[in-house]
Structures are given as structure tokens and as C-alpha cells.
Amino acid sequence: MKRWNGWGNADTDYPVPPPALDYLTKRLGHLDPAPDSPKETSLSAVTESRLPAHPLADMSVEARLTHARGQSMRDWVELRYGRVDSFPDAVAFPETDEDVRGLLKYARNAGARVIPYGGGTSVVGHINPSKSDAPVLTLSLEKMTRLLDLDETSRLATFQAGVAGPDLEKQLKARGYTLGHFPQSFEYSTLGGWVATRSSGQQSYHYGRIEQLFAGGIAETPRGRLEMKPVPASAAGPDVREMMLGSEGRLGVITQATVRVRSVPEAEAFFGVFFPSWEQGSDALREIVQNELPVSMLRLSNPLETEITLILSGKSWVGLADRGLRTIGYGNTRCLLVFAVTGSTRLFKRTRREVAALCRKFGGLFVGTAVGHTWEKNRFLSPYLRNTLWERGVAIDTLETALPWAQVREASRAIPQAIVDAMSKHNEKVLAFSHLSHVYRDGASVYTTFLFRLTADPDELLARWNDMKHHASLTLQKYGGTISHQHGVGMDHAPYLPAEKGALGMDALRAVCRSFDPDGMMNPGKLL
Ligand SMILES: Cc1cc2nc3c(=O)[nH]c(=O)nc-3n(C[C@H](O)[C@H](O)[C@H](O)COP(=O)(O)OP(=O)(O)OC[C@H]3O[C@@H](n4cnc5c(N)ncnc54)[C@H](O)[C@@H]3O)c2cc1C
């Protein structure tokens, strides 16, 4: 069963290793477990539904609470401190495109707003109903999960858009294919959600971002059905398919998505390399990409992230490895690179050799598969740490951007520093660190994680978080970064969008929304 106020399956846990707790206490100060508001308190806050009955709509308080919030920091605070104060009036579970059309009509007749809901894994406030006079219908696609067509000649698979990562891969694997889209939220996030948020999987360097994977599909909009034909490429003017990418539920409900699939790879492995410094590591990364070595993933942690990753792994060999690395010159400034090679056995061997050789040029120490394998094993498990850390009194949040290589090095120092500076004004400590992942020939995404202490007062906690988030957002924009490389805009990033798109760009986006949704019934308050 899915947790109602945290991440993931209630039966899965990621205990915090005791040395990691000691470390966090030393770095952040005394930790007090936060209050954990019981579910009954939140259920009792659910107000009476304002929508008329519909055979596909669930009006129960349980369904309305469990679809009220996603995974943003604000969402967690509201859920854990018993402060959720807006709920959908009903949650509908369509099974077909026709059901979706019927539900849009029902919502229109009732004067309701509609929030398309995939897996609810948004971390920036995409699926939250705002308090409004109009009723809200959350439209969950959880029953729309079928593989509708597999064109093996063209390697195109058409799915209903509510299919979540594991189910999608299972259906493809049964036929010998993979999509290869593995966001860290893979366990719950859905194909429609990936398209609507312009998601990026951990191996996007090899498989492509969702923009490259999404070939076409169908959306049910308030003005009717929009078909986006899957063509390999087109010069037929601006691309309507592109408008659906990142539309965040504002234009309609994506009901079907056709994606570009590949054969299941013959071989794949994850490797570790230590660099003596961030400068050497990031230069190596850039060369790997610019020399077009066919890796499938590159992820370089800065020194603090390297330290914390090793401590949180809880592995018994970490202490020994630490001492060994220090004696050969990989001390406090060392950085860990995890890279993956995916493909045919022949390509696999050659790429591994070439990457290891290039890393050596920059002082890299190739350490084989042990670290890489641990990372791979935990890749979808590590979000569970958010639950266990919270229970011990530590909040964890992330933010991300992408910038040209010329700015990457400075920005990846300045962003965590902005977080630390913001928190020091509150006389509080925070552990803020970054990694580079999702690399491109012209730049990279800088992904920053920050850990800080919970407080008894949720307003104080949110004030601190707001300051950190705001200063980091201004900093990344100062360096020319995008407000989001993969998480999207939602409510949290909407105030920063005009600086990125400009007045004319914002007008154009508003016009597109009006064109598909003249009455503004689709997911208001998000994106724009
Ligand atoms: C632990 C964790 C790790 C994460 N890691 C990554 C990562 O590695 N890469 C990454 O890209 N993101 C990541 N995310 C963010 C999140 O998982 C993505 O934004 C994901 O694409 C959201 O998919 P979803 O199905 O959960 O959508 P939801 O959260 O349900 O919805 C997100 C938005 O998409 C809209 N939407 C959803 N389905 C449809 C549809 N069928 N039609 C129209 N609109 C729709 C919603 O209205 C909403 O605006 C992570 C989140 C968490 C909690």
C-alpha cells in the first residue's frame, strides 16, 4: 500500500545507518523527531464535496485526501503537521478515452476545475487543488495502463498514459523491448506525467529525455480531441506535440502516448571512478561527452555529496576504502563519478576501456563495479531515505537546473552556497551539495540536495525552506540556468518563469492555454 504522507510503498524502508545519524547530528546539531500528525486528523479536515455524483467519481474522504498533495516540501509539511486545507471534491478513475471525454463534460457542466493526476510524484506542487469557489475534479489515470500497440518495424509503442514505470517496462520487456526512461520516481510516476512535466530519466544520455522518446499521442482537451501523429521528424511548422510536452495538465488530458522503444540491451553495468577534485572530475565529464563516448549515464558528485553518499550507503567497506583512498591522495576534495555503459557486448567493453583511460588523464581512479553496483541497487530505494530521515528530525529537498559548461563549475559552487547563506541568517546549519548528471555536449544539469533540521513550528520550517529555495533559484537564474531541468514548474517555480521566458514568451504560453481551454478549467494556478 502507498504511504499517504511520505514516499512510496508502506512496506519498504531504507533505515538510516547509525554512523550516518551521528554524522548528521554532528553537522546539523541535536535532532528532534518532528510531530507526525495522524491520518484521522487530515481525514477529518476533508470538507463536503461540491460535485454531483458520477459513476466514475470517488467522493470518499480517503480518495480525496490521498490525491490532495504530491511530494513537494510544502506538501510534506502540510501532510506531516496535519495542515492540509484543500482537497479535490472527487477523484475520477476513467478507463478509456471516452470516459475522459465524458468526465470533462461532467466537470464543465458542474463548473468544476480539472486536475489530471498520474502518479502524484510531483515535487513542485503540480497536482494540488487550490482553495477556490469552483469545485475540483482530480482525474486519475491509474486505470489507464494498457499497451495498445507495438509497431515492431518502427519500434513505436503506444500506451494508455496512466501506465507507471515498472508496469510499462514489464509490458515492453515481455516483447523484448525497453523505453529506458528511469527517473528516480520510476516506481510511481507515469508516462503521461513524464510527458506533461518534460521529465528526464537517469540514463537520458543514452535513451533520451522524454521529449525525444515521445513521438505522438492523443490528448482530450476542453475543446476536443487532439491527435499528434507519430512521425520521425517534421518541417511542418511549429510542433503541436512540443506544446503538450511540459503542459502540466493545462491543455488537456494526455490519454495515449506513442513512445520510441529499443531492444533490451545485451549488456549493462555501472562503474565508479574517484577524482582528486571537482575541477578534474567535471573536466573529465565534459571531455567524455564532447568526445561522444557512448556511455548511458554520468553522475559526478561534489566532495560533500561523495562523503554523504558513502556514509548513507551503510556499507561496511566504506571505512576501509576511505583510509585507503586518503593514503593515495584522494582526500577531502575527492569526487565520485558513477557511470554506466549500456549496449552490445562489443561496444560495452570498448566504452568501459575508453572512459577509464580518459578519466585517468584527469587523475581518475577507476574502482570497478562495487560502488556503481551499490548505486544501481539503491537507485529507486534512496527516496525512501526521505521517510526515515524525516522520522529522525531531518528534512531533505532537492532543486535542479541546467546551464552551459562555461557556467557549470561556478554555478555548482554558488547554488549550494546560496542555500547555506540563506540558512545562516536563521542561525541554522544545512548540508547542501550538488552533482552533475544529465550531461550534454554544451552543458549539464546541476542537481542540488539539501538536508536541514525539522522544527516544532511548521511556519518556521517553511520560512527557512522558502528562503533557501528562493536564494538558490535567484542564484541559478543569475548564472543563466533554467528554473528546472526536469521537475517542471508547478506552483513552486511559477514565480521564476517570467524571468526565463520573457513577457512575450509568457503571453504566447497563455494564448496556447486559452486556445485549448478557453474557460480556464484545466489545472489552474500551475505553470503560469
Ligand atoms: C523521489 C522522487 C524522485 C524524482 N526523480 C525524478 C527524476 O529523476 N526525473 C524527473 O524528471 N523527475 C523526477 N521526479 C519528479 C516527478 O516524478 C516527475 O515530475 C514525473 O514526471 C511526474 O509524473 P507523475 O505521473 O507522478 O505526474 P503527477 O505528479 O501526477 O503530475 C505532474 C503534472 O503532470 C500533469 N499530468 C500527469 N498526467 C497527465 C496526463 N496524462 N495528461 C495531462 N497532464 C498530466 C499533472 O496535471 C501535473 O501537472 C521525482 C520525484 C520524486 C518524488
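One can find the structure itself at the top, above this paragraph.
Report follows, based on the coordinates. Predicted model only: the values in this text are computed from it and were never measured.

**Notes on the site of the ligand**
With respect to spatial proximity, 34 residues lie near the ligand, and among them Pro116, Gly118, Thr121, Ser185 and Thr190 are the closest. Here an oxygen atom of the ligand sits 2.6 Å away from a polar atom, N or O, in the side chain of Ser185. For the ligand, a nitrogen atom lies 2.8 Å from a polar atom in the backbone of Ile254. Starting from 970 Å² of accessible surface for the ligand in isolation, the protein chains cover 97%. Residue assignment for the shell around the ligand shows that the elements contributing at least two residues are strand 3 (113–117), helix 7 (191–197) and strand 10 (253–260). Broken down by element, the shell around the ligand gets its largest block of residues, 5 residues, from helix 7. Among the residues forming the shell around the ligand, the class breakdown is 12 nonpolar, 21 polar and 1 charged. If you count residues domain by domain, the shell around the ligand takes at least three from each of domain 1 (33–140) and domain 2 (147–263).

**So, the sheet that holds strand 5 (residues 147–151)**
Read across the sheet, 5 strands follow the order 5-6-10-8-9 without closing on themselves; strand pairing throughout is antiparallel. One side of each edge strand has no neighbouring strand; the edge strands of this open sheet are strand 5 and strand 9 (224–228). Averaged over neighbouring strand pairs, the angle between their axes works out to 10° when direction is ignored. Of the pairings in the sheet, the one linking strand 6 (residues 156–160) to strand 10 comprises 5 bridges and is antiparallel in character. Residue pairing in the sheet places Gln160 in a bridge with Gln256 of strand 10. Packed onto the sheet, helix 5 (residues 97–109) meets strand 8 (214–221), strand 9 and strand 10 and runs at close to 40° relative to strand 8.

**Here's the deal with the environment of Gly331**
Mapped onto the secondary structure, Gly331 falls in the loop between helix 13 (318–327) and strand 14 (335–343). Separated by 120 residues in the primary sequence, Gly331 and Glu211 have C-alpha atoms spaced 40 Å apart.

**Remarks on the pairing of strand 8**
By the criterion of burial, strand 8 is predominantly enclosed, with 8 of the 8 residues buried. Judged from the 6 bridges that link them, strand 8 and strand 10 form a sheet pairing that is antiparallel. Pairing of Gly217 across the sheet is with Ala257, part of strand 10. Bridge count between strand 8 and strand 9: 5 bridges; the pairing is antiparallel. Residue Gly217 lies in a different strand from strand 9, and its bridge partner there is Met228. The hairpin formed by strand 8 and strand 9 contains 2 residues between the paired strands.

**A short note on helix 1 (residues 18–28)**
Among the residues making up helix 1, those that are buried are Ala20, Leu21, Tyr23, Leu24 and Leu28. Projected down its long axis, helix 1 carries its buried residues within an arc of 160°, all on one side. More than 90 degrees from the buried face of helix 1, the exposed residues found are Pro18, Pro19 and Lys26. Buried residues in helix 1 make contact with helix 12 (303–313), helix 16 (385–391), strand 16 (394–404), strand 17 (430–439) and strand 18 (443–453). Downstream of helix 1 by one or two residues, Gly29 has phi in the positive range, about 110°.

**Details of unusual backbone geometry**
With a phi angle near 55°, Arg198 is a residue other than glycine that sits in the positive phi range. Relative to the helices and strands, Arg198 is located in the loop between helix 7 and helix 8 (204–207).

**A few points about the packing of aromatic side chains**
Aromatic ring pairs are described here by two measures, namely the spacing of the ring centres and the angle between the planes. Under the counting rule described, the total for this entry stands at 11 aromatic pairs. Ring geometry for Phe182 and Phe186: centres 5.3 Å apart, planes at 65°, overall edge-to-face. The residues Phe182 and Phe186 share a single accessibility class, namely buried.

**Some thoughts on the nonpolar core**
Counting 84 residues, the largest nonpolar core has Trp390 and Phe452 as its most contacted members. Among the elements that make up this core, the one with the highest residue count is helix 17 (residues 405–424) (8 residues). Discounting chain neighbours no more than four positions away, the residues touching Phe452 are Leu28, Met73, Gly393, Val394, Ala395, Met423, Lys429, Val430, Leu461, Trp465 and Met468.

**Topic: the sheet that holds strand 4 (residues 136–140)**
Strand pairs in the sheet, formed through backbone hydrogen bonds, run parallel or antiparallel to each other. One open sheet holds the 4 strands; their spatial order is 1-2-4-3, and the pairing between them is mixed. Every other strand in the sheet has two partners, leaving strand 1 (57–58) and strand 3 as the edge strands with one partner each. Of the strand pairs in this sheet, strand 1 and strand 2 (residues 90–92) are connected by 2 bridges, and their pairing is antiparallel. When the bridges of strand 2 are listed, Ala57 appears paired with Ala92. Running at roughly 175° to strand 4, helix 5 makes contact with strand 1, strand 2, strand 3 and strand 4 of the sheet.

Calculation criteria
- Residues numbered from 1 in each chain as written.
- Predicted model: local features only at pLDDT ≥ 70, side-chain atom pairs only at ≥ 80, totals over all residues.
- Heavy atoms only, no water.
- Near = heavy atom within 4 Å.
- Polar contact = N/O pair within 3.5 Å; in protein donor to acceptor, adjacent residues only side chain to side chain.
- Areas by Shrake-Rupley, 256 points an atom, 1.4 Å probe, with all protein chains shown as cover.
- Helix = DSSP H or I, 4+ residues; strand = E, 2+ residues; numbered from the N terminus.
- Nonpolar A, V, L, I, M, F, W, Y, C, P; charged D, E, K, R; others polar.
- Domains from an automatic or database assignment.
- Pairing = 2+ DSSP bridges.
- Axes fitted to C-alpha atoms, helices over the stretch in contact; angles between N-to-C directions.
- Contact = heavy atoms within 4.5 Å.
- Buried < 20%, exposed > 50% of the residue type's maximum accessible area, 1.4 Å probe, protein only.
- Arc of directions from axis to C-beta.
- Phe/Tyr/Trp six-rings, centres within 6.5 Å; stacked < 30°, edge-to-face > 60°.
- Core = buried A, V, L, I, M, F, W, Y, C linked by side-chain atoms within 4.5 Å.

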